[in-house]
Amino acid sequence: MACGYCYTHDGCVFKDDANELAEKLEKSDGLLIAAPVYYGSANGSVISLLDRMFYSSHFDKRFKVGAAFAVARRAGTTATFDELNKYFTINQMPIASGRYWNNGFGREKEQISEDEEGLQNARIVARNMVFLMRSIALGKEKYGLPEKEEIKFTHFIK
Ligand SMILES: Cc1cc2nc3c(=O)[nH]c(=O)nc-3n(C[C@H](O)[C@H](O)[C@H](O)COP(=O)(O)O)c2cc1C
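Values in this document were obtained by computation on a predicted structure and should not be read as measured data.

Asks: In this structure, what is going on with the site of the ligand? I would like to understand it.
Replies: The environment of the ligand is formed by 13 residues, the closest being P36, Y38, A72, R73 and R74. Elements with a minimum of two residues in the shell around the ligand: β1 (30-38) and β3 (65-72). Broken down by element, the shell around the ligand gets its largest block of residues, 3 residues, from β1.

In structure tokens, the structure reads:
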């Protein structure tokens, strides 16, 4: 509802998972999001959570590592993967990638255990994510974070 409460208070006006997730992310070096595909995109509840969590939290998210996974019965994983990665790429969060566009296939619980390639890719992404988080921690110690600019916020409505 874009009430702007979070600009004058700590967190979202609705006291729920979005605030809890923000608190956890502030203390973390990375964020891994996994979502099922519903009608060719991420399921609605994960998008609502992420919209509210990213919008209502104002701590520095730069260089927290992101990784996204999409799970479907058959189709829509690449669109979902792109959709989820957008939260990272608007927040200066580097992405841990794998050797495919992170997906897994299964309709029912446990079916994904038969997706050997999907599981292998998940292991690769997990290792890459840990490596990146450790490397960034060392880089922060040695070089500090890059200079931060005051954000320009323009619009083109005349
Ligand atoms: C409302 C709904 C929409 C779905 N849409 C798709 C879809 O577009 N493509 C697809 O491959 N699977 C689709 N599925 C199947 C789910 O992606 C799949 O069953 C997934 O594993 C469900 O995860 P969940 O049990 O955590 O919701 C859909 C399932 C539901 C319930």
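The rest of the description comes next.
Asks: Would you explain the sheet that holds β1 in this entry?
Replies: Sheets are built from strands paired through backbone hydrogen bonds, the pairs being either parallel or antiparallel. Across the sheet, 4 strands lie side by side as β2-β1-β3-β4; this open sheet has mixed pairing. At either margin of the open sheet sits one strand with a lone partner, and together these are β2 (41-42) and β4 (103-105). Sheet topology note: the β3/β4 ladder contains 3 bridges and is parallel. Across the sheet, A72 pairs through a bridge with F105, a residue of β4. Helix α3 (residues 77-89) rests against β1, β2, β3 and β4 of the sheet, and its axis sits at about 155 degrees to β3.

Asks: How should I be thinking about helix α2 (residues 44-56) in this particular structure?
Replies: One turn of an α-helix holds 3.6 residues; hence residues three or four places apart share an orientation. In a regular helix each residue adds 1.5 Å, so 13 residues correspond to 18 Å; α2 covers 18 Å between its end C-alpha atoms and thus fits that length. L50, R52, M53 and S56 are the residues of α2 that are buried. Residues of α2 that are buried make contact with α1 (17-27) and α3.

Asks: Even after reading the chapter, I still don't get unusual backbone geometry, so can you show me in this structure?
Replies: Apart from glycine, the bulk of residues carry a negative phi angle, and the bulk of peptide bonds sit in the trans form. In this structure, F63 takes a positive phi of about 70 degrees despite not being glycine. The residue F63 is located in the loop between α2 and β3 in this model. Unlike most non-glycine residues, E110 shows phi in positive territory, near 80 degrees. With respect to the element layout, E110 can be found in the loop between β4 and α4 (116-143).

Conventions and cut-offs
Residues numbered from 1 in each chain as written. Predicted model: local features only at pLDDT ≥ 70, side-chain atom pairs only at ≥ 80, totals over all residues. Near = placed C-beta within 6 Å. Helix = DSSP H or I, 4+ residues; strand = E, 2+ residues; numbered from the N terminus. Pairing = 2+ DSSP bridges. Contact = placed C-beta atoms within 7 Å. Axes fitted to C-alpha atoms, helices over the stretch in contact; angles between N-to-C directions. Expected span 1.5 Å × (residues − 1). Buried ≥ 20, exposed ≤ 12 C-beta atoms within 10 Å, placed from the backbone.

Everything listed is a geometric property; what it means functionally is a separate question.
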